[in-house]
Amino acid sequence: MKHTVVLIPGDGIGPEVADAARLVLDAAGADIEWVERYAGLAAVERGATETLPAETIDAIRSHRVALKGPCTTPIGEGFTSVNVALRKRLALFGAVRPVRSMDGVPTRYSDPGVDIVVIRENTEGLYAGIENQITPGVVTSLKVVTEEASRRIARFALDYAVTRGRRKVTVLHKANIMKLGDGLFVRCCRDEAAAYEGRVEYEERIIDAGSMGIVQRPEDFDVLLCENLYGDVMSDLCAGLVGGLGVTPGANFGSDHYAVFEAVHGSAPDIAGQDVANPLALIMSGVMLLRHLCSATGDANCGEAADRIRAAYSQCLVEGEKTRDLGGSLGTRAFAEAVARRVEVLA
Ligand code: NAI
């Protein structure tokens, strides 16, 4: 079965890791036709008048699935985040970021190992982008919390946990201080969790103590349910437990059946264009994409391709074929070629 997937290379290391991911997915034998579209500075450099051109959004609307590289957002000035805008425009309200210890990537948490999934609300919170300068030196940033979006992400996380056989959902919040905003979020989660009683354990933790708990005993945590900002921070914190941003994939899902797969990391301008970025997080996001295609279309070939890629990169890591961030010496392209070679042997 042929699948059409939108490929957005993005900025910084994006084009390098996107090329690498495409090489590996093609080698795995999934029948994918790539439709390349641009977003971020890359779009503007190609003559677009906006960082999120309509043709990029339209392509995702027609093909429903995209693999996306990171897009740069200037700090403290300039245009607003393309990533946040894309998630809002397509109502991709739920981010799923699995964080697992991997053989061949030893960390101080390898024993007993980490297996956490961060689920992040993608459309509101402080990322609503409503900021005002009241007077020079005084600024307000509004945090938006709605019952509809809070219930929606709670059901999404609880369903995810139940269908994947996970044991527990932990809501991280600061409702002791933000009694109305985080208070509403927690109340919605608690209400929705009541309908899942007996199928998955549910708990709530205040985020500061919860963060300490995660770095002290990550094995106590399973699925983390977070509003937007907390989910963003927790994704990188958890990535740090298993080897960093080079090994943490992600996916954004919405109610209109669109899905955009992207690594947790950003455009890493400090290493862009040097062939040193680790493409594994985007390759792993590609594996999530293949599993999604398999369950959405029933195409078992995609599931088998996903299994082969996972086996291939695991072999590479165990045998020391790694990029620099994981203590290896391979460049971006050489690592992708090593995975692709093993994928072809496994085929
Ligand atoms: P970053 O994730 O780009 O980089 C943080 C650190 O991790 C850097 O030292 C970088 O070299 C390293 N790193 C990241 N990915 C790596 C990889 N694949 N292999 C090896 N090392 C890697 O975060 P930063 O520096 O805060 O953001 C840079 C830009 O990316 C900003 O404009 C930010 O807005 C954007 N960004 C975009 C995201 C997206 O498109 N989804 C997500 C996060 C940030």
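Please read all numbers here as calculations on a predicted model, not as lab measurements.

A. A look at the overall build of the chain. Within the chain, the secondary structure is distributed over 11 helices and 12 strands. The C-alpha radius of gyration computed for the chain amounts to 20 Å, which stays within 12% of the reference 20 Å derived for 347 residues, consistent with globular compactness. Across its three principal directions, the C-alpha atoms of the chain cover 55 × 50 × 40 Å. Considering only contacts within the chain whose residues lie at least 6 apart along the sequence, 73% involve residues at least 24 apart. Summed over all atoms, the accessible surface of the chain reaches about 15,000 Å², with 51% contributed by carbon and sulfur. Taken as two groups, the 37 positive and 47 negative side-chain charges of the chain have centres that lie 3 Å from each other.

B. Summary view of the site of the ligand. Taken together, 21 residues are adjacent to the ligand, and C71, T73, G266, A268 and N278 come closest. G266 places a polar main-chain atom, nitrogen or oxygen, 2.7 Å from an oxygen atom of the ligand. At a separation of 2.8 Å, an oxygen atom of the ligand approaches a polar backbone atom of A268. Its residues assigned to classes, the shell around the ligand comprises 9 nonpolar, 7 polar and 5 charged.

C. Spatial organisation of the packing of aromatic side chains. Under the counting rule described, the total for this entry stands at 3 aromatic pairs. Plain terms: the ring middles of F156 and F253 are 6.2 Å apart, the flat faces sit at 40° to each other, and that makes the pair tilted. Placement of the pair is F156 in helix α5 (residues 147–163) and F253 in strand β11 (residues 251–253), with a sequence separation of 97 residues. Across this residue pair, the class does not change: F156 and F253 are buried. Aromatic side chains F253 and F261 sit 5.7 Å apart centroid to centroid with 90° between the ring planes, which places their arrangement in the edge-to-face category.

D. Region of the structure containing the domain arrangement of the chain. Segmenting the chain into domains produces domain 1 (1–98 + 244–347) and domain 2 (106–242). A straight line from the C-alpha centre of domain 1 to that of domain 2 covers 24 Å. Each side of the interface is counted separately: domain 1 has 18 residues, and domain 2 has 22 residues. Across the domain 1 to domain 2 interface the summed buried area is about 1,600 Å²; carbon plus sulfur atoms make up 58%. Looking at the side of domain 1 facing domain 2, the largest losses of area belong to K88, F93 and R97, adding up to 40% of the total buried there. Counting across the interface, domain 1 meets domain 2 through 0 salt bridges. When contributions to the side of domain 1 that touches domain 2 are tallied by element, the ones reaching two or more residues are α4 (82–89), β4 (94–100) and β11. Here the element with the most residues in the side of domain 1 that touches domain 2 is β4; it accounts for 5 residues. Counted by class, the side of domain 1 that touches domain 2 contains 10 nonpolar, 4 polar and 4 charged residues.

E. Inspection of the sheet that holds β11 at higher detail. Strands sit in the order β2-β1-β3-β12-β11-β4-β5-β10-β8-β9 across an open sheet of 10 strands; the sheet is mixed. Of all strands in the sheet, those with a lone pairing partner are β2 (32–36) and β9 (201–206), marking the two edges. Along the sheet, successive strands turn relative to each other by an average axial angle of 25°, direction set aside. Bridge analysis of strand β1 (residues 3–8) against strand β3 (residues 65–68) gives 3 bridges, and the strand direction is parallel. Within β3, the position partnered with I8 by the bridge is K68.

F. Expanded view of the nonpolar core. Judged by nonpolar contacts, the single largest core of 86 residues is most densely connected at I309 and Y313. Considering each element in turn, this core owes the most residues, 9 residues, to helix α9 (residues 280–297). Split by domain, the residues of this core number at least three in each of domain 1 (1–98 + 244–347) and domain 2 (106–242). Setting aside chain neighbours within four positions, we find I309 in contact with V24, L25, A28, I283, V287, L290 and V343. In this structure, I8, A59, A66 and V82 belong to the second largest nonpolar core, which totals 15 residues.

What counts, and at which threshold
- Residues numbered from 1 in each chain as written.
- Predicted model: local features only at pLDDT ≥ 70, side-chain atom pairs only at ≥ 80, totals over all residues.
- Heavy atoms only, no water.
- Helix = DSSP H or I, 4+ residues; strand = E, 2+ residues; numbered from the N terminus.
- Rg over C-alpha atoms; globule rule 2.2 N^0.38 Å.
- Contact = heavy atoms within 4.5 Å.
- Areas by Shrake-Rupley, 256 points an atom, 1.4 Å probe, with all protein chains shown as cover.
- Lys, Arg positive; Asp, Glu negative; His and termini not counted.
- Charge placed at Lys NZ, Arg CZ, Asp CG, Glu CD.
- Near = heavy atom within 4 Å.
- Polar contact = N/O pair within 3.5 Å; in protein donor to acceptor, adjacent residues only side chain to side chain.
- Nonpolar A, V, L, I, M, F, W, Y, C, P; charged D, E, K, R; others polar.
- Phe/Tyr/Trp six-rings, centres within 6.5 Å; stacked < 30°, edge-to-face > 60°.
- Buried < 20%, exposed > 50% of the residue type's maximum accessible area, 1.4 Å probe, protein only.
- Domains from an automatic or database assignment.
- Buried area = accessible area lost by both parts, 1.4 Å probe.
- Salt bridge = Lys/Arg side-chain N within 4 Å of Asp/Glu carboxyl O.
- Pairing = 2+ DSSP bridges.
- Axes fitted to C-alpha atoms, helices over the stretch in contact; angles between N-to-C directions.
- Core = buried A, V, L, I, M, F, W, Y, C linked by side-chain atoms within 4.5 Å.

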